[in-house]
Amino acid sequence: MRERSTISDEFYAFSDAMPGGICVIDQDKKILVWNRTLAEWSGSSAEEMITRDLLEIFPNLASPAYRIRIEQVLEGGPPAIFSSQLHRSFFPFKKSDGTSRIQQTSVIGYPGGEGKPLHAMIVIEDVTELDREIHYARELKDRALLEVQERKKIENKLRRSERGYHAIYDQSPIGIEIYTVEGRLAHVNPACLNLFGIDSLEEIKGFSLFDDPNVGDEEKERLRAGESVRYQASFDFEKVKDLNLYTTSRSGTIWLDVQITP
């Protein structure tokens, strides 16, 4: 049963729309939020998981390496970062082929509501494919130093960020864009600006999603019909420059996994 006094319906809806895993626990480490992505990865629905003890379900988290850092967050300490290199699978989930789902995990303080103790929000990114690419690259050249530096940048940025509801938006490693009902860009998070090589929101605010040549016609029609869309496709920055849509420091093409939810 949901604790509606501490978790809003809007937060449940927002967490379910995220492609990453979102879990919120209280001071007793009881699960308050178990989003749709975690339900898909685990095979256990939110109804089955909410109010259960996190450490009883996942005994690996009872070890000091995990438990102490989680408790520090619940006591008001800084975010805890569990990198995919040192902590391979925060939640020991398997993929359909039987291999482990490699995860990058952040545990962030989340307000418990007026007069309520602090909660902890667990944000999980599936980096299984990225992990494979990193290991392959290491066979070709030394990437260890670069990765450590990038991890430190992410950790420092997370520690500086404010706690609360906006942490899931501002600190997410996943690029997030918010559009109006007319398809005009209203806001983006820092990860999205970085991904698309844009200096600030003001340079792209008001951009029409339906003018983006990198979004297929079929996807646009489904969006106009109010449907959720998920697809994988290449994104060509040269099209952006040729049509003078906005200023970007990026060039060439990248491969994106995109989810657009009304």
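Above this text you will find the structure in question.
The model shown is predicted, which means the values in this text are computed figures rather than measured ones.

## A word on helix α1 (residues 9–17)
If you check which residues of α1 are buried, you get Phe-11, Tyr-12 and Ser-15. For α1, the arc enclosing every buried residue in end-on projection is 100 degrees, short of the 170-degree limit, so these residues lie on one face. Packing partners of the buried residues in α1 comprise β1 (21–25), β2 (31–34), β4 (103–110) and β5 (119–126).

## Details of the sheet that holds β2
The 5 strands lie next to each other as β2-β1-β5-β4-β3, forming an open sheet whose pairing is antiparallel. One side of each edge strand has no neighbouring strand; the edge strands of this open sheet are β2 and β3 (80–82). Here the strands of the sheet are splayed against their neighbours by 15 degrees on average, with no regard to which way each runs. Strand contacts of α1: β1, β2, β4 and β5, with the helix running at about 50 degrees to β2, the strand carrying the most contacts. In this fold helix α5 (residues 64–74) packs onto β1, β3, β4 and β5, with an angle of close to 150 degrees to the strand it touches most, β3.

## Observations concerning the nonpolar core
Core analysis: the biggest nonpolar cluster contains 42 residues, and Trp-34, Phe-90 and Phe-91 have the highest contact counts within it. Sort the elements by how many residues they give to this core and β5 lands first, with 5 residues. Apart from residues no more than four positions distant in its own chain, Phe-91 is found in contact with Cys-23, Trp-34, Leu-38, Leu-54, Phe-58, Leu-61, Gln-103, Ile-122 and Ile-124. Core analysis: the second largest hydrophobic core is formed by 22 residues, Phe-196, Leu-201, Leu-256 and Val-258 among them.

Conventions adopted
- Residues numbered from 1 in each chain as written.
- Predicted model: local features only at pLDDT ≥ 70, side-chain atom pairs only at ≥ 80, totals over all residues.
- Heavy atoms only, no water.
- Buried < 20%, exposed > 50% of the residue type's maximum accessible area, 1.4 Å probe, protein only.
- Helix = DSSP H or I, 4+ residues; strand = E, 2+ residues; numbered from the N terminus.
- Arc of directions from axis to C-beta.
- Contact = heavy atoms within 4.5 Å.
- Pairing = 2+ DSSP bridges.
- Axes fitted to C-alpha atoms, helices over the stretch in contact; angles between N-to-C directions.
- Core = buried A, V, L, I, M, F, W, Y, C linked by side-chain atoms within 4.5 Å.

By themselves, these figures tell us nothing about what the structure is for.
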